[in-house]
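Survey of secondary and tertiary structure
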Amino acid sequence: MTLSALEVHNLKQAPPVEGVLPAVLSRWSPRSFADHEVSPADLAKVFEAARWSASAYNEQPWRFIVGKRGTETHKKIFSSLIGFNQGWAGSASVLILGATSTQFAHNGSANAYALYDLGAAAAALCLQAASLGLTTHSMAGFDQDTARKALEIPGDYLLGTVIALGYQGEPAALTHEQLISMEILPRVRKPLGEFVLSAWGQPLKLG
Ligand SMILES: Cc1cc2nc3c(=O)[nH]c(=O)nc-3n(C[C@H](O)[C@H](O)[C@H](O)COP(=O)(O)O)c2cc1C
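All figures in this text were calculated on a predicted structure; none of them were measured in a lab.

Considering the overall build of the protein
Counting secondary structure elements, the protein contains eight helices and six strands. Taken against the 2.2 N^0.38 rule, which gives 17 Å for 207 residues, the C-alpha radius of gyration of the protein at 18 Å falls within 12% of a compact globule. Expressed along its principal axes, the backbone C-alpha trace of the protein runs to roughly 60 × 50 × 30 Å. Here the protein, with 207 residues, has 38% of them falling under the buried criterion.

Set out below in structure tokens:
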């Protein structure tokens, strides 16, 4: 017998740290999605969060192509996913492909921060989704050429990830045992001392 969706959600929570944003602690990436639609109002809120992200020269180079389940766009994004991701992501209410302009609009020069800015906007989107009780799962596992052709994305845009957005589903609804066991794995992170440094190789002393 596997765990329920609620039990898994509880298991996946980061240990509470006072003062850290609740959405940061509660966000995690499921592979089981419930058959509930995301409302247009909630969809607007997650993109509002992306909209207010910082970007180099305030270029806002990101573009999000949104495929709601049952639409041609959802089918096109889904068909670009690698087999492993097709094994679970199709049940998400929305599939979103992130793209980003590699040229600054103000002078046409190369924007070396295009992917950085897209990632920042995507992170805001994912946290906003978590705070609305929605859930997201980012995927690098898709064929960029297939997605670019199917969605007619110009060559001067880089592609980021596909983000599955929806409501968490029951782990038992996943079709493979491997996916079910991955769904209930505890989340692990490096300690702060490994990546917060006072000098290269030296952990910053915190608290
Ligand atoms: C850029 C990026 C690419 C990812 N690609 C995939 C993917 O193709 N398939 C998948 O199942 N998970 C993918 N993930 C999900 C990560 O495995 C997951 O975020 C990570 O294990 C941390 O788990 P958490 O999001 O639950 O904290 C991706 C995440 C990111 C940020």
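A look at the site of the ligand
If you check the shell around the ligand, you find 15 residues, and the closest are S29, R31, H137, R187 and R189. Separating an oxygen atom of the ligand from a side-chain N or O atom of R31 is a distance of 2.8 Å. Between N85 and the ligand, the recorded distance is 2.9 Å, taken from a side-chain N or O atom to a nitrogen atom. Secondary structure elements with two or more residues in the shell around the ligand: α5 (83-89) and β3 (135-139). Its residues assigned to classes, the shell around the ligand comprises five nonpolar, six polar and four charged.

Thoughts on the pattern of salt bridges
Enumeration according to the criterion identifies four salt bridges in this entry. Residues D42 and K45 are paired through a salt bridge, measuring 3.6 Å at the closest nitrogen-oxygen approach. In this pair, D42 and K45 are both assigned in helix α3 (residues 40-51), three residues apart and thus about one turn of the helix distant. Classification of D42 as buried rests on a relative accessible area of 13%. Across the pair K75 and E72 runs a salt bridge whose closest N-O atoms are separated by 3.4 Å.

Here's the deal with unusual backbone geometry
Positive phi values are uncommon outside glycine, yet Y57 reaches one of about 55°. In this structure, Y57 sits in the loop between α3 and β1 (62-68). For E152, which is not a glycine, the phi torsion comes out positive at approximately 55°. Among the structural elements, E152 can be located in the loop between α7 (144-151) and β4 (157-166).

Description of the packing of α3 against helix α6 (residues 114-131)
A pair of packed helices is captured by two measures, namely the crossing angle of their axes and the spacing between those axes. Axis separation between α3 and α6 bottoms out at 7 Å; the angle between their running directions is 145°. Once α3 is placed against α6, the crossing between them reads as right-handed. Contacts between α3 and α6 involve K45, V46, F47, A49 and A50 on the former and, on the latter, A121, A124, L125, Q128 and A129.

Cut-offs applied
Residues numbered from 1 in each chain as written. Predicted model: local features only at pLDDT ≥ 70, side-chain atom pairs only at ≥ 80, totals over all residues. Heavy atoms only, no water. Helix = DSSP H or I, 4+ residues; strand = E, 2+ residues; numbered from the N terminus. Rg over C-alpha atoms; globule rule 2.2 N^0.38 Å. Buried < 20%, exposed > 50% of the residue type's maximum accessible area, 1.4 Å probe, protein only. Near = heavy atom within 4 Å. Polar contact = N/O pair within 3.5 Å; in protein donor to acceptor, adjacent residues only side chain to side chain. Nonpolar A, V, L, I, M, F, W, Y, C, P; charged D, E, K, R; others polar. Salt bridge = Lys/Arg side-chain N within 4 Å of Asp/Glu carboxyl O. Axes fitted to C-alpha atoms, helices over the stretch in contact; angles between N-to-C directions. Left-handed = near helix turned anticlockwise from the far one by under 90°. Contact = heavy atoms within 4.5 Å.

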